[in-house]
Amino acid sequence: MYTQGLDQKDKAAGATGQDDSAERLAAFQARIDADEKIEPKDWMPAAYRKTLIRQMSQHAHSEIVGMLPEGNWITRAPTLRRKAILLAKVQDEAGHGLYIYGATETLGVSRDELVADLLSGKAKYSSIFNYPTITWADVGAIGWLVDGAAIMNQIPLCRCSYGPYARSMIRVCKEESFHQRQGYEIMLTLCRGTEEQKRMAQDALERWWWPSLMMFGPGDANSSHSAQSMAWKIKRFSNDDLRQKFVDVTVPQAEYLGLRVPDDDLELDEETGHYRFGEIDWQEFIDVINGKGKCNRERLEARNKAHDEGAWVREAAQAYAEKVAAREAA
């Protein structure tokens, strides 16, 4: 999910600062190879810092924007219990964004800068959140597929070489595991319901399957920064490896539900134990990343509206902080 940010063109990301001497780079890589954690006050290459800022900020933005598709269903969830669970989940996503924004700030970038880049459209977030939630089954599909794919990405991030990012992911992964089970339980309930409910679950799977596979980013051969990120142990697995693992785990779950994965080329390879699957429509992925998805404009408009309407809260908090500081100084 958040590896997509590593594949955005950024000429500055390959630049190195004046202190990036061969000796320091070698010493830094030796620490990485020894599985030492890099902390905020440690020396790090400029390119390592820039790569982390790009990936972590995209991750944080994705958590915040990701509240919108499901938030759309809080008031329309079918029961009070479903409303309460969904409300708790959306609240969790807000917390995840805050954790990761905080971790990103340790790299020397302010939260105001990060948020401004999101609101202006300069920064990217995961392509998956630019698809609409048409029925209640979409909420289940998001939990099952989208959060399931996110877990595939995030569990390895608990061992990321950058300490603040790795530590922030521990709680995030625990909560995402709950989200995935909650989504699958919704799908299971629908599939055990009426024929209409099962058709609704099948329709949601058909619409979310391929975008979920796109979440892992381009294939390894077309991934611009993935190899270097793995060498730095920011990433632990390649895009294609994570995508394959997701397919292998998810297809049996779909079979248990009695649903058909919308891929005529899907087939289990008895020799390898892995599923072979069809070609992803990468042009759709590129279009969505570049702002041409079904909900790109809607998502940014919603975030800008919320930011503008929340200005009074930020101003009040700032005024209170200044008042407290003045009182302490006196």
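Please read all numbers here as calculations on a predicted model, not as lab measurements.

### Structural notes on the overall build of the chain
Within the chain, the regular secondary structure consists of 13 helices and two strands. Radius of gyration (C-alpha) of the chain: 21 Å, near the 20 Å computed for a compact globule of 330 residues. Overall size of the chain, expressed as C-alpha extent along the three principal axes, is 70 × 55 × 35 Å. When burial is assessed residue by residue, the chain has 49% of its 330 residues classed as buried. Taking as baseline every contact in the chain between residues at least 6 positions apart, the subset at least 24 positions apart corresponds to 80%. Distance from the positive charge centre (42 side chains) to the negative charge centre (50 side chains) of the chain: 5 Å.

### Notes on the nonpolar core
Counting 76 residues, the largest nonpolar core has Tyr48, Trp144, Tyr162, Tyr165, Trp208 and Trp209 as its most contacted members. Setting aside anything within four residues of it in sequence, one finds Trp209 in contact with Leu145, Phe246, Val247, Thr250, Val251, Val261 and Pro262.

### Overview of the packing of helix α2 (residues 46-65) against helix α7 (residues 163-191)
Contact pair α2 / α7: the axes reach a minimum separation of 13 Å and the direction vectors enclose 25 degrees. Comparing their axes, α7 and α2 come out roughly parallel. For α2 against α7, the interelement crossing comes out left-handed. Within the contact between the two elements, α2 uses Leu52, Gln55, Met56, His59 and Glu63 and α7 uses Tyr165, Met169, Val172 and Glu176. Looking at side-chain class alone, the contact of α2 with α7 contains five nonpolar, two polar and two charged residues.

### Concerning the layout of surface pockets
Its boundaries defined by the atoms lining it, the second largest pocket holds a volume of some 350 Å³. Going through the elements one at a time, α4 (80-105), α5 (111-120) and α12 (296-309) are the ones with two or more residues in the lining of the second largest pocket. With five residues, α5 is the largest single contributor of residues to the lining of the second largest pocket. Across the lining of the second largest pocket, the residue classes tally to eight nonpolar, two polar and four charged.

Thresholds, definitions, all that
Residues numbered from 1 in each chain as written. Predicted model: local features only at pLDDT ≥ 70, side-chain atom pairs only at ≥ 80, totals over all residues. Heavy atoms only, no water. Helix = DSSP H or I, 4+ residues; strand = E, 2+ residues; numbered from the N terminus. Rg over C-alpha atoms; globule rule 2.2 N^0.38 Å. Buried < 20%, exposed > 50% of the residue type's maximum accessible area, 1.4 Å probe, protein only. Contact = heavy atoms within 4.5 Å. Lys, Arg positive; Asp, Glu negative; His and termini not counted. Charge placed at Lys NZ, Arg CZ, Asp CG, Glu CD. Core = buried A, V, L, I, M, F, W, Y, C linked by side-chain atoms within 4.5 Å. Axes fitted to C-alpha atoms, helices over the stretch in contact; angles between N-to-C directions. Parallel < 35°, antiparallel > 145°, perpendicular 65-115°, else oblique. Left-handed = near helix turned anticlockwise from the far one by under 90°. Nonpolar A, V, L, I, M, F, W, Y, C, P; charged D, E, K, R; others polar. 1 Å grid on protein atoms, 1.4 Å probe; cavity = no way out; pocket = protein on both sides within 12 Å on 5 of 7 lines; lining within 4 Å. Points joined across faces, edges and corners; volume = space filled by probe spheres on them.

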